[in-house]
Every structure is written in C-alpha cells, then in structure tokens.
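The lines below spell out each chain.
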Amino acid sequence: MSTFWSQVVRELEPYVPGEQPQIDGLIKLNTNESPYPPSPEVLKLMTQDAIERLRLYPDPNSKKLKTTIANYYGVTTEQVFVGNGSDEVLALAFMAFFQQSQPLLFPDISYSFYPVYCKLFGINAQQIPLLDDFTIDFAHYAKPNGGIIFPNPNAPTAIGKPLTDIETLLQKNTQSVVIVDEAYVDFGGETAIGLVNKYPNLLVVQTLSKSRSLAGARVGFAIGNSDLIIGLDRVKNSFNSYPLDRLAEAATIAAFEDDSYFQTCRAKIITTRDWTAKELAALGFSVLPSQANFVFAKPANNNAVEITQKLREHKILVRHFNAPRINEFLRITIGTDAQMQQLISVLKTL
Ligand SMILES: *Cc1c(COP(=O)(O)O)cnc(C)c1O
C-alpha cells in the first residue's frame, strides 16, 4: 500500500482475470475464449491502407459499427452503445444507472466483476442467493432496489433463464434499470433484445469476445432504449471519446457480416460441449446444464483444487474459484474436439 493512494484506491478489490500464460502446446480452457480463429474476413481488413489510417482518430461514435449491429438485431442505431469490451460497457452502465440510494441486486454466484464495480463506484449492493440447484429465482428480486443485473446464461454456472421469466421480472420491476449480461447467449440462450422496445428500463449487454472469437479486439455493446444509450454516452464522453480503435471496429463489422462462419462456430461449440458434458458425467462429475461455451462441473471426489493442479501439469488450464458454494467446481471452457478429447483422456488417468 502506498501513502499516495487515495482512500478509494485503498479500498478497491480488483478483479483477477484468468491467466494468459505463454506455454507451448497449452490447452487453454480457463477464460472462455473461442478455440476458433476470427472470421477469415477479418484478416482481409489488415491492409497497408488500414494501417496507414491508424494515424487518424477513429469515429468517436462508431457509427458504422452501430449501424451494423442495429441492422443485425433489428433495432435503431440510437438504441446501440459500443465500448472497449463488455467489461467497459458494464462499468459505464454501473456508473450511469446504479449509483442509487436503494441497493443494486445481483446473484450471490455470478460474474465476479459486479462487486468490483460496486466498490469502485461506491454502489450499495445486495447479493441474492441462487437456489440450491444454482438457478436464479426472480421472486427474490421483488423488493425495492436501485437496479438489477445478472448474466443470462449465468456465469460461472452456465445455466440460463427462459425469456418469459425475464419478461415477468420486467413487468414487476419498472422503476430501476435491469441489465441482462448476455456474454454467453449465443450458445443456446434466448436474447432479451426483442424486449427493449417494450421495457424502457431494460439494457442488454453483449460481447464479441466469446461467440465471435474477438476477445483480443476488446469489443462489447449494449442495446436498450435511446434514453439509456444517451446516459451511457454522457459517461463515456466524460471518460474516453474513442473506446474502440479503427481495427477493432472494422473487425467487428466483418464478424457480424460473416454470419455463416459465426453460425458454424457456435454450432460446433455446442456439439462439443454436449459431448464433453456427457464424458464428464461418465467420469462421475456432476455437470450443471450448460447453455454457454463452458461447463461448470464438480468432480466426484471433491478434489477440484488437486485436479486443477494435475491438469496444469499436463498443460491443460481450467478455472477454479475459491469462493463459497462453488469451490468444489471446475469451470471448463469448451475448446476444439481434439482439446476436449485430450482433457477427458487426461482426466481418466487421474
Ligand atoms: C467474459 C464476460 C464479460 C466480459 O467480456 P469482454 O471480454 O469484456 O467483452 C462480461 N460478462 C460476463 C458474464 C462474462 O463472462
């Protein structure tokens, strides 16, 4: 601790991302990236001309990208906000909407960045326990609040909620902003984007990091009522006018335009996931039903830490969370078929 740190900095509890080690032949199943490269259309953009244009600032409003996203999801460009990864979009949204006198509500087992933003922005939060089967019960959110946020499908459980349940929540909760964090929705969930015209307090956040293989480009977006988007823009334009660089914006447009590549990759990951879940179950793991590009699985012998360590010795990285209720689980990202076969065959020897 430095004496130069402000009081706020002293009290922060920063998020710790999964590691990105440089190990030859590593099978990386710890941060839910795609095992497949970005669309081949992305490569074609990396031209001499594009590089030369890096001397210029990008469009501060990312108008072209917003138009692409708006057309893809059938909304208007005024209903789209883009940022440097959905983590940034979420951070700006926490500041724009959740600094309220009533507490923000989110699940006790959820994306661990949420409590970090609460500390950073001085937001009072109340964590609502998941049920024993690790599902969200929206009945527990029927109380005065300054906002509600949850991932759908949830992370790290991988369990999704049906859209009808989300609509019921929105019908009851009209006085505060509800954010649905859809980082994993493309792997079998139901998006709430179709509800934004009906519920002015709904903000849906998505990312290009998982289903569109662009984690390294750092692009996320939000879709909601234009008044919410203006609020986000006010925060963004008080912080960083140019969150998206030129190459990231162009890569994102290309990724959306190559829809067949996207459909192929996500279908592949879903198939590999279902195979992996079955194999893990056969090895005695309890595997939560996944609608994401990862599985959350508990080994039969309650030796999650030991297995994580042993897998690492075999150059396979998975994620373990040392947190109440989930410290007996492993979160395993779905890789290629060959990677998952390797995982299963190593697990058989342990
Ligand atoms: C991965 C993830 C994000 C962040 O994704 P970015 O790479 O910052 O776009 C947000 N929410 C959840 C639940 C995630 O798992």
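None of the values given here were measured: they were computed from a predicted structure.

Colleague: Please provide a residue-by-residue account of the overall build of the protein chain, values included.
Modeller: For the protein chain, the helix and strand inventory stands at 12 helices and 12 strands. Per-residue burial over the protein chain gives 51% buried out of 350 residues. Expressed as a percentage of contacts within the protein chain between residues at least 6 apart in sequence, the contacts between residues at least 24 apart total 72%. Summed over all atoms, the accessible surface of the protein chain reaches about 16,100 Å², with 53% contributed by carbon and sulfur.

Colleague: Tell me about the site of the ligand, and please be specific about residues and values.
Modeller: The environment of the ligand is made up of Gly-85, Ser-86, Asp-87, Leu-90, Tyr-111, Asp-181, Ala-183, Tyr-184, Thr-207, Ser-209, Lys-210 and Arg-218. A distance of 3.0 Å is found between an oxygen atom of the ligand and a backbone nitrogen or oxygen belonging to Asp-87. Calculation on the ligand without its partners gives an accessible area of 390 Å², and the protein chains cover 93% of this total. In terms of residues, the shell around the ligand owes the most to one element, helix 5 (residues 85-97), which gives four residues.

Colleague: I'd like a rundown of the nonpolar core, residues and numbers included.
Modeller: Of all hydrophobic cores here, the largest spans 49 residues; its most connected members are Ile-69, Phe-134, Tyr-141, Phe-150, Leu-202, Phe-221 and Ile-223. Broken down by secondary-structure element, the contributors of at least two residues to this core are helix 4 (63-73), strand 2 (80-83), strand 5 (147-151), helix 7 (163-172), strand 6 (178-181), strand 7 (202-207), strand 8 (220-224) and helix 9 (246-257). A total of six residues in this core trace back to one element, the largest contributor, which is helix 9. Setting aside its immediate chain neighbours within four residues, Phe-134 contacts Ile-109, Thr-157, Ile-159, Leu-288, Arg-325, Ile-326 and Phe-329.

Colleague: An account of the sheet that holds strand 8 is needed here, citing residue identities and associated values.
Modeller: Overall, mixed pairing links the seven strands, which are arranged 2-8-7-6-5-3-4 in an open sheet. In this open sheet, the two edge strands, each paired with only one partner strand, are strand 2 and strand 4 (125-128). Between one strand axis and the next, the sheet turns through 20 degrees on average, direction left out of account. Pairing analysis gives five bridges linking strand 7 to strand 8, with the strands arranged antiparallel. Paired with Val-205 across the strands is Ala-222, a residue of strand 8. Contacts between helix 5 and the sheet are confined to strand 2, strand 3 (104-107), strand 5, strand 6, strand 7 and strand 8, with strand 7 contributing the most and set at about 160 degrees to the helix. Along the sheet face, helix 8 (residues 226-236) touches strand 2, strand 7 and strand 8 and points at about 30 degrees away from the line of strand 2.

Colleague: Explain the pattern of salt bridges to me, using residue names and the numbers behind them.
Modeller: Enumeration over the complete set of coordinates arrives at 13 salt bridges. A salt bridge links Lys-268 to Asp-337; its shortest N-O distance comes to 2.7 Å. One end of the pair, Lys-268, is in helix 10 (residues 259-282); the other, Asp-337, is in helix 12 (residues 337-349), with 69 residues separating them in the sequence.

Colleague: Can you break down the side chain of Thr-31 residue by residue, with the values?
Modeller: Looking at the secondary structure, you find Thr-31 in the loop between strand 1 (27-29) and helix 2 (40-44). Among the polar contacts listed, one links the side chain of Thr-31 to the side chain of Lys-28, at a separation of 2.6 Å. Within the structure, the side chain of Thr-31 is placed 2.7 Å from the side chain of Glu-33, a separation counted as a polar contact. Excluding residues within four positions of it along the chain, Thr-31 makes contact with Gly-18, Glu-19, Gln-20, Lys-210, Arg-331 and Thr-333.

Colleague: Describe the domain arrangement of the protein chain, with residues and values.
Modeller: Assigned domains of the protein chain: these are domain 1 (17-38 + 260-349) and domain 2 (57-257). Every contact between the two is made by 26 residues of domain 1 and, on the other side, 29 residues of domain 2. Taking both partners together, domain 1 and domain 2 bury about 2,100 Å²; carbon and sulfur atoms supply 61% of that area. Counting across the interface, domain 1 meets domain 2 through one salt bridge. With a shortest N-O distance of 2.9 Å, Arg-325 and Asp-108 are connected by a salt bridge. For the interface between domain 1 and domain 2, the tally reads 11 residue pairs in polar contact (both at pLDDT 80 or more). Counting residues per element, the side of domain 1 that touches domain 2 draws most heavily on helix 10, which supplies six residues. Here the residues of the side of domain 1 that touches domain 2 sort into 14 nonpolar, seven polar and five charged.

Parameters at a glance
- Residues numbered from 1 in each chain as written.
- Predicted model: local features only at pLDDT ≥ 70, side-chain atom pairs only at ≥ 80, totals over all residues.
- Heavy atoms only, no water.
- Helix = DSSP H or I, 4+ residues; strand = E, 2+ residues; numbered from the N terminus.
- Buried < 20%, exposed > 50% of the residue type's maximum accessible area, 1.4 Å probe, protein only.
- Contact = heavy atoms within 4.5 Å.
- Areas by Shrake-Rupley, 256 points an atom, 1.4 Å probe, with all protein chains shown as cover.
- Near = heavy atom within 4 Å.
- Polar contact = N/O pair within 3.5 Å; in protein donor to acceptor, adjacent residues only side chain to side chain.
- Core = buried A, V, L, I, M, F, W, Y, C linked by side-chain atoms within 4.5 Å.
- Pairing = 2+ DSSP bridges.
- Axes fitted to C-alpha atoms, helices over the stretch in contact; angles between N-to-C directions.
- Salt bridge = Lys/Arg side-chain N within 4 Å of Asp/Glu carboxyl O.
- Domains from an automatic or database assignment.
- Buried area = accessible area lost by both parts, 1.4 Å probe.
- Nonpolar A, V, L, I, M, F, W, Y, C, P; charged D, E, K, R; others polar.

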